[in-house]
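Residue-level listing of the chains:
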Amino acid sequence: MTDLNWLAVTPEIVLLGMACVVAILDLFVTCPQRKPTYFLTMLSLAVVAGLHLSALDSGASVYAMQRMVVTDPMGHLLSLCATLAVMGTLVYAQGYAASRDLLKGELFSLSMLSLLGISIMIIGNNFLTIYLGLELMSLSLYALVALRRDDAQATEAAMKYFVLGALASGFLLYGLSMMYGATGSLDLAEVYQATLTGEINKQVLAFGVVFIVAGLAFKLGVVPFHMWVPDVYQGAPTAVTLLVAGAPKLAAFAITIRLLVEGLINSATDWQQMLMILAVASMAVGNLAAIAQTNLKRMLAYSGIAQLGFMLLGFIPSVVAGNTVSAGNGYGSSLFYVLTYVLTTLGTFGLIMVLSRPGFESEEISDLAGLHKRSPMLAGVMAVFMFSLAGIPPTVGFYAKLAVLQALITTNDPVLLTVSIVAVLLSLVAAFYYLRVIKVMYFDEPAAQAPAIQGGAAPALLSINALAVLALGILPGALMTLCANVITQSLAG
């Protein structure tokens, strides 16, 4: 509404200020557990989450910083969920990081800065703003992956992530520069108006769309731009793996909406076909490659590739139908899918951290053997997460897949009907490796007889996480309606 509304970016200002305060405070903290730094970080994130939650009901799109950013219902929901995801990650990581000399001020300050980058990406209304947020998030995550400097595997993962991430950023930046050359503007609304008039260089526009989709595919980690995902997931400390696997997916979804839907919807016939190919290829390669994995983190990496491919399917029917109702249905189903995927991912990697001990990384599937005898609670929690990722009722993963498939089928398009059948068949393939984890937990003999349960807040949060997955699967209507409403309100604004 007003271009000089600094209050619209209050959560981001608070996040930046507190990240600096946490970094300075940690210089004076001598406690090995870093309790003052930890509690200040959690308090800061709680304040940011509260600010987003209080603004969620406004239903208005507010422009600020000379229209460089826009705060709308979709932005507040995604930023709120990203903040909660980082908070959950830090709770899970506290004991894990302390036993590996990772509980340092850098972990907290860089986590907050990566969240700041995520928030800037989510509210970006200009090519420069979106790219600034992307680089802030990426550089923070590169440093986090390399936090264990004496670990060769983590250093290798950081190098791969940095090199391929820089390549992805170059793809996206080149695409954005071509869009500027074709339309003469960096503002998403002006880009939309330029494509609406048709008085632009269509060849340059088409090349720009190709490079933008390639850059987005790198950040989402979908085929054929997925090569960094398994190595980074496996090589990084599990706490950092969760920081990479969780909240950044929400930012990638947000910039996909901002760039492709808000800015380039008139070029949808170009990017729709590319997304369809990326989605099907990701589901096929991700699910088939996951079958062969023995490392749990690597299996979850390939699983994530397939899951995000499934999420991309929700972007296709809205373009075919071309109306606001279908937009809320299609994009809303994708938003619901990515939110529930991040919720489940928090639990799976959180459980790996809870099971890990000093000198032992519980990241092989065989490490879960006989878990139900050592800790029935943890085995039950992991079973809930596996059922959800496989899309088995009554977990939320089933309804998330169903919502995306309904958006595809209701278009009555024969191509999308075929794609939905392929998606169902590939989901059946995925059920094999998810159920294999459950089989190992309940039917294999345990290698260690020591109880797996540990004290602290992490096991309690795991239980809450699993209950949320079940509760949203039994009563998904409220969240699904919220997702559809925020998409409709944000696109209308």
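Rules behind the numbers
Residues numbered from 1 in each chain as written. Predicted model: local features only at pLDDT ≥ 70, side-chain atom pairs only at ≥ 80, totals over all residues. Heavy atoms only, no water. Phe/Tyr/Trp six-rings, centres within 6.5 Å; stacked < 30°, edge-to-face > 60°. Buried < 20%, exposed > 50% of the residue type's maximum accessible area, 1.4 Å probe, protein only. Helix = DSSP H or I, 4+ residues; strand = E, 2+ residues; numbered from the N terminus. Patch = residues over 30% accessible without salt bridge, like charges linked within 9 Å, V, L, I, M, F, W, Y side chains within 5 Å. Areas by Shrake-Rupley, 256 points an atom, 1.4 Å probe, with all protein chains shown as cover. Salt bridge = Lys/Arg side-chain N within 4 Å of Asp/Glu carboxyl O. pLDDT = per-residue confidence, 0-100. Contact = heavy atoms within 4.5 Å. Axes fitted to C-alpha atoms, helices over the stretch in contact; angles between N-to-C directions. Parallel < 35°, antiparallel > 145°, perpendicular 65-115°, else oblique. Left-handed = near helix turned anticlockwise from the far one by under 90°. Arc of directions from axis to C-beta. Polar contact = N/O pair within 3.5 Å; in protein donor to acceptor, adjacent residues only side chain to side chain. Nonpolar A, V, L, I, M, F, W, Y, C, P; charged D, E, K, R; others polar.

### Observations regarding the packing of aromatic side chains
Then, in step 1: Under the criterion given, the structure shown has 15 aromatic pairs.
Then, in step 2: Where Y38 meets F39, the ring centres are 5.5 Å apart and the plane angle is 70 degrees; that geometry is what we call edge-to-face.
Then, in step 3: On the basis of relative accessibility, which here comes to 52%, the residue F39 falls in the exposed class.
Then, in step 4: For the ring pair F315 and Y331, a centre distance of 5.6 Å and an interplane angle of 55 degrees mean the geometry is tilted. In this pair, F315 is assigned in helix 14 (residues 315–321) and Y331 in helix 15 (residues 324–355), connecting sequence segments 16 residues apart.

### Here's the deal with a nonpolar patch on the surface
Then, in step 1: Where nonpolar side chains cluster on the molecular surface, the patch consists of I409, L417, I421, V424, L425 and L428 and spans about 540 Å² of accessible area.
Then, in step 2: The leading source of residues in the nonpolar patch is helix 19 (residues 414–443), at five residues.
Then, in step 3: Assignment of secondary structure puts V424 in helix 19.

### Structural notes on the confidence of the model for the chain
Then, in step 1: Chain-level pLDDT for the chain is 88 on average; 95% of the residues reach the 70-or-more range.
Then, in step 2: Per-residue pLDDT stays below 50 along residues 321–325; that stretch engages in three contacts with residues further than four places along the chain or on separate chains.

### Looking at the side chain of S119
Then, in step 1: When you line up the elements, S119 lands in helix 4 (residues 105–123).
Then, in step 2: Classification of S119 by relative accessible area gives buried; the value is 2%.
Then, in step 3: Ignoring any residue separated from it by four or fewer positions in sequence, one finds S119 in contact with E12, L15 and S79.

### Concerning the packing of helix 13 (residues 296–312) against helix 19
To describe two helices that pack against each other, one gives the angle between their axes and the distance between the axes.
Then, in step 1: Where helix 13 contacts helix 19, the two axes come as close as 12 Å, and the packing angle between them is 160 degrees. In terms of their interaxial angle, helix 13 and helix 19 are classed as roughly antiparallel. In this structure, the crossing between helix 13 and helix 19 has a hand that is left-handed. Judged by residue contacts, L296, M299, S303, Q307 and F310 of helix 13 engage A423, S427, Y433, Y434, R436 and V437 from helix 19.

### Digging into helix 7 (residues 188–197)
Then, in step 1: Among all positions of helix 7, only L188, V191, A194 and T195 are buried. Here the buried residues of helix 7 occupy an arc of 120 degrees about the axis, which is enough to place them on one side.
Then, in step 2: Contacts made by the buried residues of helix 7 are with helix 5 (127–145), helix 6 (152–183), helix 8 (202–220) and helix 11 (247–263).
Then, in step 3: Sitting at the head of helix 7, D187 places a side-chain oxygen 3.0 Å from the backbone nitrogen of A189.
Then, in step 4: One or two positions beyond helix 7, positive phi appears at G198, with a value near 80 degrees.

### Describing the packing of helix 4 against helix 11
Then, in step 1: Closest axis-to-axis distance for the helix 4/helix 11 pair is 8 Å, and the angle between their directions is 20 degrees. Of the possible angle classes, the one that applies to helix 4 and helix 11 is roughly parallel. For the pair helix 4 and helix 11, the crossing hand works out as left-handed. Contacts between helix 4 and helix 11 involve I118, M121, I122 and I123 from the former and A247, P248, A251, A254, I255 and R258 from the latter.
Then, in step 2: Broken down by class, the residue content of the contact of helix 4 with helix 11 amounts to nine nonpolar, no polar and one charged.

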